[in-house]
Amino acid sequence: MAQTYCNVCTADCPASCRLLTDVADSRIIGIKGDPRDPYTRGKICAKGYALKELVYSPDRVLYPLKQQGKGSGNWQRISWEQAFLEIGNKLVGIAQEYGSLLPVSMNKFLGTTGLLSQSVEGFFSSLGPITALMGNPCVSAGTDAFILNYGALKKPLPEDMKNSRLILIWGANPAWTAIHQMRYIFEAQDQGAIVVVIDPIFTSTAARSDIYYRIRPGADGDLALGLAKILVEENLIDHEFLDNFTFGWPEYRDYLETVDLNQVSSSTGIPLAELYELARLYGTIKPATIRLGPGIQRGPSGGQNARIIDCLAALTGNIGISGGNVHYTSYEQLLHAGKYGQLRLPYGIRQGLSENNEGNTGHRILGTDWYTHLDTLDPPLKFLWVAGRNPVAQDPDPAQLIQALKTIDTVVVAEQTLSATAQMADYVLPVSSPFEFEDVVISFWHYGAAINQQAIPPLGESKSDFAIMHGLASVLHQLKPGLSSFPLHGDPRTWLTQEFTSLNDFLGITDYRELAHNPARVNLPAVPWQDRQFPTASGLYEFYSFTAAFHQTPPLPIPVDQPVSSRSYPFRLMVSRSPITLNSQFYTIDLLRRLENLPLLLIHPDTGKQKNLAEGDLAKVYNEMGELELPVSFSLSLPPDIVLTYMGTEDIHNTLINTLLSFESTDLGQIFSGSPGIAYNNCFVNLVKMG
């Protein structure tokens with residue numbers, strides 16, 4: 001007799017789809033969307049249906065492993081007792097040798113978005129000062145941009161988009177990456193709204209738009225400046241909002257006078273007449289909203305570009321009104337999600353459990369480029385714990401990262417598979433899938449909260465992140481009492497109940513287990529900034545930021561110069577999210593890879609002609625960083641000077657796509673996020689036919 005459990009997809013995705021899991025004989029026999037989910041209405045993507053394959057993948061690690069020599073493949077199965085004891089002794093030894101745990105660090109991100117998975121951050125915070133790795137490779141630049149402009153990061157609820165009369169989708173492809181948001185976009189279209197897509201690639205979302213503008217990569221700030229200049233010239237601005245609720249408007253207006261529209265047209269690749277067309281659309285149709293995607297941040301000017309685009313909403317008074325504003329990833333809901341939820345905040349120094357009253361954790365702070373200067377650290381980095389991340393497959397220059405990992409005495413990776421990073425570990429600890437333990441997930445897009453009921457027992461000897469950290473803390477308490485203040489009392493339900501004492505009122509529930517029957521969301525305003533109260537230094541929306549100036553960043557939003565291609569490397573390599581994989585998380589599932597014929601490199605037919613490449617030919621893709629071999633496929637969706645593949649792609653020799661990427665930072669991220677992001681789009685390559 002099958003039983004059905006309530007689950008939620010914990011992947012790094014805005015939807016956080018509620019699922020119904022059918023189980024028979026302690027084995028999952030089916031996964032489908034939960035029709036009670038108000039955001040998804042029971043429709044899930046290919047990745048959701050493939051979760052069962054992920055749970056029962058033959059690649060899963062089911063027992064603690066110890067490797068003799070990083071990267072050697074010489075693995076030995078060990079017990080949890082041995083793993084905890086040896087790892088605990090490493091920590092004790094470091095504390096004794098260095099008098100602190102600054103040589104200890106942890107690298108974790110959104111591999112699993114459950115609240116209890118934040119116990120990893122909780123454990124390392126309980127150690128006192130360590131080396132904290134700050135910054136978000138994807139959204140640091142945009143996060144800082146919004147906080148500079150508004151003083152805080154807030155967004156409208158997703159459904160408010162259907163109240164818009166004009167929707168600008170800028171550097172995002174929700175038809176692939178946020179499929180449920182398309183419902184609101186279509187509803188707005190049905191009610192007469194105009195949908196505009198601005199993107200270097202003619203995406204699936206662009207195919208469903210009313211107007212598409214192809215922009216050169218990285219020129220988004222130039223385009224927004226040009227639009228702003230036209231809005232001012234043609235008096236399509238909201239004087240009441242500008243005069244009463246903004247700071248630095250006169251300085252910004254003076255700067256706009258210096259903008260040359262012919263240069264804007266040249267840098268963006270958009271004809272002058274079309275610049276006027278777009279500016280007049282945005283300046284005359286209200287309410288108008290902007291969906292700002294992560295794509296515009298992946299360049300050296302990503303942060304300033306985000307600031308400039310956001311300024312368009314201020315110029316036209318599209319802030320604080322239904323159907324207006326800018327839709328961008330916000331973590332506001334986690335401010336109400338107890339200590340563990342707040343541990344994941346991507347901006348500011350994370351609120352560690354050991355933080356003192358002055359907000360000074362005493363941590364040594366490193367950024368997203370941490371592995372590029374390990375030899376300068378005193379004391380050196382001796383211990384690294386990796387969870388919910390696969391930096392060897394995601395970060396630039398993996399060869400340098402691998403060398404850095406080899407210099408660290410002890411690397412522990414908590415994972416479900418032997419990922420590229422796990423292969424460079426000393427210990428790999430098997431983590432249970434979300435179907436194997438109870439937890440709660442709160443969406444960072446629609447703020448819905450959903451429960452993950454335990455549907456099946458943990459496979460093999462795998463454990464949840466919470467159980468792993470609890471087990472290690474218990475052993476550490478025996479080895480050296482007081483080294484960790486991680487609480488040892490209570491089971492996961494007790495911890496979740498405690499976490500929800502501050503969240504229940506926002507969700508309208510009395511116990512988190514009610515989420516199995518009643519969908520709930522954090523009760524935040526559907527429309528932000530209606531009160532026009534901005535927590536900036538001036539109390540106003542800031543075109544001019546003294547905070548930026550204090551941090552030696554241009555106080556006005558002005559774009560940074562962009563790199564250009566060279567004769568040696570004439571093609572820009574762009575890497576986007578596939579609709580069926582999520583970075584390296586789902587890339588191991590053969591079924592999904594076959595659906596997209598992965599791996600592949602998309603090129604324009606003219607590029608194929610130029611390089612004597614036919615459909616299906618094998619091309620060497622190379623630059624000064626390395627080379628890969630990928631089958632090519634023709635597409636008219638991209639211009640001839642861009643080649644494109646998907647995040648997490650490996651070539652036919654299993655060489656990772658980020659092999660071609662050197663480390664380049666974005667312009668913002670260091671002020672509020674702790675570190676700049678990564679300029680993923682700043683990658684130029686050449687092609688040659690193989691064989």
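Computed from a prediction, not measured in an experiment: that's the story for all the values here.

**Notes on the overall build of the protein**
Then step 1. Within the protein, the secondary structure is distributed over 23 helices and 27 strands.
Then step 2. Overall, the protein is about 70 × 65 × 60 Å in size when its C-alpha atoms are taken along their principal axes.
Then step 3. The buried share among the 691 residues of the protein stands at 62%.
Then step 4. Pairs at least 24 residues apart make up 74% of the contacts formed inside the protein by residues separated by at least 6 positions.

**Describing the environment of K406**
Then step 1. One can find K406 in helix α17 (residues 398-407).
Then step 2. Put simply, K406 and M424 are 18 residues apart on the chain and 7.5 Å apart in space, counted from C-alpha to C-alpha.
Then step 3. Every residue in contact with K406, bar those within four places of it in the chain, is listed here: K70 and M424.

**Things to note about the UniProt feature "domain: 4Fe-4S Mo/W bis-MGD-type" (unreviewed entry) in the protein**
Then step 1. Residues annotated by UniProt as "domain: 4Fe-4S Mo/W bis-MGD-type" (unreviewed entry) correspond here to residues 2-59.
Then step 2. Secondary structure across residues 2-59 comprises 16% helix and 34% strand; the distance between its end C-alpha atoms is 27 Å.

**Observations concerning empty space enclosed by the protein**
Then step 1. Applying the stated criterion across every chain yields a total of six cavities of 30 Å³ or more.
Then step 2. What lines the second largest cavity is a set of 19 residues, among which C13, A15, C45, K47 and T177 lie closest to the centre.
Then step 3. Broken down by secondary-structure element, the contributors of at least two residues to the lining of the second largest cavity are α1 (46-49) and α6 (174-177).
Then step 4. When its residues are assigned to classes, the lining of the second largest cavity shows eleven nonpolar, six polar and two charged.
Then step 5. Here the lining of the second largest cavity spans two domains, and each of domain 1 (141-330 + 527-551) and domain 2 (571-689) adds at least three residues to it.

**Some points on the nonpolar core**
Then step 1. Among the nonpolar cores identified, the biggest contains 64 residues, and W170, Y252, L292 and L315 are the most heavily contacted of them.
Then step 2. The greatest single-element share of this core, amounting to eight residues, is contributed by helix α14 (residues 302-315).
Then step 3. Residues within four places of Y252 in sequence aside, it is in contact with L225, A228, I308, C311, L315, F543, L556 and P557.
Then step 4. Counting 56 residues, the second-largest nonpolar core is a separate cluster that includes Y427, F466, L515 and A516.

**Observations concerning the environment of I237**
Then step 1. Here I237 lies in the loop between α9 (220-233) and α10 (239-245).
Then step 2. Given the relative accessible area of 13%, I237 is considered buried.
Then step 3. Residues I237 and A152, spaced 85 residues apart in sequence, show a C-alpha to C-alpha distance of 24 Å.

**Some words on the sheet that holds strand β5 (residues 75-77)**
Then step 1. One open sheet holds the eight strands; their spatial order is β5-β4-β17-β16-β15-β6-β7-β14, and the pairing between them is mixed. Looking at the sheet topology across the chains shown, the edges are occupied by β5 and β14 (364-366). On average, adjacent strands in this sheet sit at an angle of 20° to one another, irrespective of strand direction.
Then step 2. Helix α3 (residues 80-98) contacts β4 (65-67), β6 (104-108), β15 (383-387), β16 (410-415) and β17 (427-430) of the sheet and is inclined by roughly 130° relative to β17.
Then step 3. Along the sheet, helix α18 (residues 465-479) contacts β15, β16 and β17; its crossing angle with β15, the most-contacted strand, is approximately 155°.

**Examining the domain arrangement of the protein**
Then step 1. Here the protein is described as being made up of domain 1 (141-330 + 527-551) and domain 2 (571-689).
Then step 2. Computed from C-alpha coordinates alone, the two centres of domain 1 and domain 2 are separated by 28 Å.
Then step 3. Listed by partner, the interface residues are 26 residues for domain 1 and 28 residues for domain 2.
Then step 4. Counting each side, the surface lost to burial between domain 1 and domain 2 is near 2100 Å², with a carbon and sulfur contribution of 64%.
Then step 5. Counting the surface domain 1 buries against domain 2, the share from its top three residues, D144, W176 and R298, is 34%.
Then step 6. Counting across the interface, domain 1 meets domain 2 through zero salt bridges.
Then step 7. Elements that contribute at least two residues to the side of domain 1 that touches domain 2 include exactly α5 (140-150), α6, α14 and α21 (546-550).
Then step 8. Per-element accounting of the side of domain 1 that touches domain 2 gives the leading share, six residues, to α5.
Then step 9. Broken down by class, the residue content of the side of domain 1 that touches domain 2 amounts to eleven nonpolar, eleven polar and four charged.

**A look at the pairing of strand β12 (residues 288-292)**
Then step 1. Among the five residues that make up β12, five are buried, leaving the element largely enclosed by the rest of the structure.
Then step 2. On β12, burial covers both faces: A288, I290 and L292 on one face and T289 and R291 on the other are all buried.
Then step 3. Here strand β8 (residues 166-170) pairs with β12 via five bridges, running parallel. When the sheet's bridge partners are listed, I169 is paired in β12 with R291.

Reading guide: rules and limits
- Sequence order as written defines the numbering, with residues in each chain counted from 1.
- Local features in a predicted model are, by the rule used here, given only for residues with pLDDT of at least 70; side-chain atom pairs are given and counted only at 80 or more, and totals for whole chains, interfaces and linings are based on all residues.
- To get the side-chain values, all heavy atoms of the structure are used, and hydrogens and water are removed first.
- Numbered from the N terminus, helices here are DSSP runs of H or I no shorter than four residues, and strands are runs of E no shorter than two.
- Three exposure classes are used, based on accessible area relative to the maximum for each residue type with a 1.4 Å probe and protein chains only: buried under 20%, partly exposed in between, and exposed over 50%.
- Throughout, a contact is declared for two residues whenever any of their heavy atoms are within 4.5 Å.
- UniProt positions are given in the numbering used here, feature names are shortened, and annotations may be inferred rather than shown by experiment.
- The way it works is a 1 Å grid over only the protein atoms, where trapped points that fit a 1.4 Å probe form a cavity and open points with protein on both sides within 12 Å along at least five of seven lines form a pocket, and then any residue with an atom within 4 Å of a point lines it.
- Grid points are joined across faces, edges and corners, and a volume is the space filled by probe spheres set on the points.
- Think of it as three bins: nonpolar holds Ala, Val, Leu, Ile, Met, Phe, Trp, Tyr, Cys and Pro, charged holds Asp, Glu, Lys and Arg, and polar takes everything else, Gly as well.
- Start and end positions for the domains come from either an automated domain assignment or a database one.
- Throughout, nonpolar core names a set of buried Ala, Val, Leu, Ile, Met, Phe, Trp, Tyr and Cys residues whose side chains join them through atoms within 4.5 Å.
- Pairing between strands is defined by DSSP: at least two bridges between them are needed.
- Orientation is described by lines fitted to C-alpha atoms, with helices fitted over the stretch in contact, and by angles between N-to-C directions that extend from 0 to 180 degrees.
- Put simply, buried area is how much 1.4 Å-probe accessible surface two parts lose in total, over both of them, once they are put together.
- Salt-bridge detection follows one rule: a side-chain nitrogen of Lys or Arg within 4 Å of a carboxyl oxygen of Asp or Glu.

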